[in-house]
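Here is what each chain is made of, one letter per residue.
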Amino acid sequence: MLQLSEAIRQHVHDGDVVALEGFTHLIPFAAGHEIIRQGKRGLTLIRMTPDVIYDQIIGSGCAKKLIFSWGGNPGVGSLHRLRDAVEKGWPQPLVIEEHSHAGMVTAYAAGAAHLPFGTLRGYLGTDLPKHNSNIRFIECPFTGERLAAVPPIRPDVTIVHAQRADRRGNVLMWGVVGVQKEAILAAKRAIVTVEEFVDRLEAPPNSVVLPSWIVSAVCQVKGGAFPSYAQGYYKRNNAFYKQWDKIAVDRDTFKSWIERHVTGTKDFDGFRRSLNQEAERA
Amino acid sequence: MPDTPYTADEMMTIAAARMLRNGAVCFVGIGLPSAAANLARLTHAPEVVLIYESGTIGSKPDVLPLSIGDGELAETADAVVSSVEIFSYWLQGGRIDVGFLGAAQIDRFANINTTVIGDYKTPSTRLPGAGGAPEIAASSGEVLITLRQTRRAFVEKLDFVTSTGHLDGGNSREQFHFPGKGPTAVITDLGILTPDPVTKELTLTSIHPGVPLEKVIEATGWPLKVAPELRTTAPPTENELRVLRDLQARTARAHADGL
């Protein structure tokens, strides 16, 4: 159990391959902000659904590569910072490696299972393999069926947010749990932020529990998924996602937003206070 | 005949909703497909099973989700499973009757592009990308596609094939031995196109009320085939319009909350 800033300092290094996972739900925003605050550089980011937090990290110049399968602000539109990096190389060029969701989950599962590749019935007839040499095809040794193969995803560090952990650091999450468990098991190191610490986890059998010994650091960050949501704690702030479109569309507006609310604050509580103060002034 | 005026978008959503039969298991894309699928559930198809790629099975949202993983989808679901499970066991496993997709670009054989406009390396517009679509298009029993019909969207040649429809037409899709039979209808704000049984070329088989045929032809980037017996889509009923508008009003209120 660590402060988030200390966990990021210890476990995320310049040049690392980093997966901050979450499928709309439980997005580790607080951890993403800490990466920006500490000015990490040269990261390879992985995520099935890079959304606003990846837009912020990419726009802040922390990343050199993105491995993904759907990059957008869901229901709103483009990720302007991601697009600016891909289309215009601002603030620095971003290499992309593009998959489908089914390909990504297969690659994560192969990473968790420590296999040299994962296989799926996918990608056939699409242009994705033309632009991604990590999508190849194999013949099933039993039936001869042509199947897609993808190499495992093995992040240096995976970061997720969850609802709660007990005092020993066992983590419980529920709701839309995405690919988080596989992403943790596939990684060399893992950081989890949680809404709260509890004395007893009270997890029913078969819950998604990450035992403490597969996690490198557990940090309490109340509200740490905002503006994403934590089922049972708070709802997704859809208004923020819509507002983000106007902030991110312009480089200067984006930069001053990051400087005011992220790099200009000490931690996630400071970020939330800064946002609230601005909302009150408006 | 209803007296209430309606918009082209409402006609599109209602026509798309009608394509979904009661009891079907439907893998739902976000946006237009989600609106249509939920309208179906709230009108003629109460037993439809809506599956979202965030892993929610049997979602019955009261408001339309803004994202594919809104809490509303999980809270109203029969089951919520992981991403690996939804794609491997449920989609690839052959449990989906209908895949319901949107698109940025479509060609005459209903192949779709949601990746990039222009060159891949130097795009004029970078779109979100594939998401679940390629495998939804391959593994669902059939595929419905809904999008607005314009020359920018209905193109002679896709800039990028994200998801496979009927490839080059005829029986060319068969080379991949996909479990699903591919797109069976494209529902737009102007009409309904269905693949020709032999050539698989999209053919205008139904035109929405009051839409001039020339307008549909002009909004299509290839010489559009028109069925000899072109039907006119039944206009929205009072009930369809009321349910759709209530749903959209609830949705707008819910998504304005926050901050």
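For the structure, see preceding data.
In this report, we go over the structure that sits alongside the text. (Residues numbered from 1 in each chain as written. Chains lettered and ligands numbered in written order. Predicted model: local features only at pLDDT ≥ 70, side-chain atom pairs only at ≥ 80, totals over all residues.)

**Brief notes about the overall build of chain A**
Counting its regular elements, chain A contains 10 helices and 12 strands. The C-alpha atoms of chain A give a radius of gyration of 19 Å, which matches the 19 Å a tight globule of 282 residues would have. Summarising its shape, the C-alpha atoms of chain A cover approximately 65 × 50 × 30 Å along the three principal directions. Within chain A, the proportion of its 282 residues that are buried is 54%. Long-range contacts, defined here as pairs at least 24 residues apart, represent 73% of the contacts in chain A between residues at least 6 apart. (Helix = DSSP H or I, 4+ residues; strand = E, 2+ residues; numbered from the N terminus. Rg over C-alpha atoms; globule rule 2.2 N^0.38 Å. Buried ≥ 20, exposed ≤ 12 C-beta atoms within 10 Å, placed from the backbone. Contact = placed C-beta atoms within 7 Å.)

**Some points on the overall build of chain B**
The number of helices and strands found in chain B is 7 helices and 14 strands. Relative to the 2.2 N^0.38 estimate, which gives 18 Å for 259 residues, the radius of gyration of chain B is 18 Å and therefore close to what a compact globule would have. Along the longest, intermediate and shortest principal axes, the C-alpha atoms of chain B span 50 × 45 × 35 Å.

**Considerations on the interface of chain B and chain A**
Between chain B and chain A, the residue contacts involve 44 residues of the former and 47 residues of the latter. Going through the elements one at a time, α3 (71-75), α4 (83-91), β9 (123-126), α5 (133-139) and α7 (238-256) of chain B are the ones with two or more residues in the side of chain B that touches chain A. When the residues that make up the side of chain B that touches chain A are grouped by side-chain class, the tally is 19 nonpolar, 20 polar and 5 charged. (Nonpolar A, V, L, I, M, F, W, Y, C, P; charged D, E, K, R; others polar.)

**Digging into the nonpolar core**
Core analysis: the largest hydrophobic core is formed by 166 residues, its most contacted members being Tyr108 and Val192 of chain A together with Leu20, Cys26 and Ile145 of chain B. Considering every element that reaches this core, the biggest residue donor is helix α5 (residues 101-112) of chain A, with 8 residues. Ignoring anything within four residues of it in the chain, the contact list for Ile145 of chain B reads Leu101, Ala103, Ile106, Ala110, Ile112, Pro183 and Val186 of chain B. (Core = buried A, V, L, I, M, F, W, Y, C linked by C-beta atoms within 7 Å.)

**A short note on helix α1 (residues 4-11) of chain A**
All names here are of chain A. Among the residues of α1, Leu4, Ala7, Ile8 and His11 are the ones counted as buried. Taken around the axis of α1, the buried residues stretch over an arc of 95°, which confines them to a single face. Contacts from the buried residues of α1 go to α2 (29-37), β8 (157-166), β10 (189-198) and β12 (217-220). (Arc of directions from axis to C-beta.)

**Some details on α7 of chain B**
The first and last C-alpha atoms of α7 of chain B sit 27 Å apart over 19 residues, in line with the 27 Å expected at 1.5 Å per residue. Among the residues of α7 of chain B, Glu240, Leu244, Leu247, Thr251 and His255 of chain B are the ones counted as buried. Projected down its long axis, α7 of chain B carries its buried residues within an arc of 65°, all on one side. Exposed residues lying more than 90 degrees from the buried face of α7 of chain B are Glu238, Asn239, Asp246, Ala249, Ala252, Arg253 and Ala256 of chain B. Against the buried residues of α7 of chain B lie α8 (238-248) of chain A together with α1 (8-18) and α2 (32-42) of chain B. (Expected span 1.5 Å × (residues − 1).)

**Description of the environment of Lys60 of chain B**
Residues and elements named next belong to chain B. Relative to the elements of secondary structure, Lys60 occurs in the loop between β3 (56-57) and α3. Taking C-alpha positions, Lys60 is 14 Å from Gly23, a pair spaced 37 residues apart along the chain. Once you skip the residues sitting within four places of it in the chain, Lys60 turns out to touch Arg41 and Thr76.

**A short note on the sheet that holds strand β5 (residues 118-120) of chain A**
Residue and element names in this part refer to chain A. Spatial ordering of the open sheet is given by β5-β7-β6, a layout of 3 strands whose pairing is antiparallel. Either end of the sheet is taken by a strand with one partner, and the two such strands are β5 and β6 (136-139). Sheet twist, expressed as the average angle between the axes of neighbouring strands with direction ignored, equals 45°. Both β5 and strand β7 (residues 146-150) contribute to a ladder of 3 bridges, which runs antiparallel. Across the sheet, Leu120 pairs through a bridge with Ala148, a residue of β7. (Pairing = 2+ DSSP bridges. Axes fitted to C-alpha atoms, helices over the stretch in contact; angles between N-to-C directions.)

**Details of unusual backbone geometry**
Residues and elements named next belong to chain A. Backbone torsion omega between Trp90 and Pro91 reads -5°, so that peptide bond is classified as cis. Along the polypeptide, Pro91 turns up in the loop between α4 (80-88) and β4 (95-98). Note that the residue after Phe226, namely Pro227, is joined by a cis bond; omega there is 5°. For Pro227, the position within the fold is in the loop between β12 and α8. Of note in this structure, Thr24 is not a glycine but carries a positive phi near 70°. Looking at the element boundaries, Thr24 is found in the loop between β1 (17-20) and α2.

**Focus on the environment of Asn111 of chain B**
All names here are of chain B. Of note, Asn111 is situated in the loop between β6 (105-106) and β7 (112-113). According to the C-beta neighbour criterion, Asn111 is buried, with 28 such atoms within 10 Å. Asn111 sits 50 residues away from Val161 along the chain, and the two C-alpha atoms are 6.6 Å apart.

**A few points about the sheet that holds strand β14 (residues 225-232) of chain B**
Residues and elements named next belong to chain B. Pairing within the open sheet is mixed, and its 10 strands lie in the order β4-β3-β2-β1-β5-β10-β11-β12-β13-β14. Each edge of the open sheet is held by one strand with a lone partner, namely β4 (79-80) and β14. Sheet topology places strand β12 (residues 191-195) next to strand β13 (residues 202-207); 5 bridges connect them, and they run antiparallel. Looking at β13, one finds that Leu193 is bridged to Leu204.

**So, the pairing of strand β10 (residues 142-146) of chain B**
On any regular strand, side chains alternate: one points to one face of the sheet, the next to the other face. All names here are of chain B. Of all 5 residues in β10, 4 are buried; the element is thus mostly enclosed. Across 4 bridges, the pairing between strand β5 (residues 98-101) and β10 is parallel. By the bridge assignment for β10, Phe100 is matched with Leu144. Examined bridge by bridge, β10 and strand β11 (residues 183-187) share 4 bridges and lie parallel to one another. The partner of Leu144 across the bridge, within β11, is Ala185.

The values reported here are purely geometric and, on their own, carry no functional implication.
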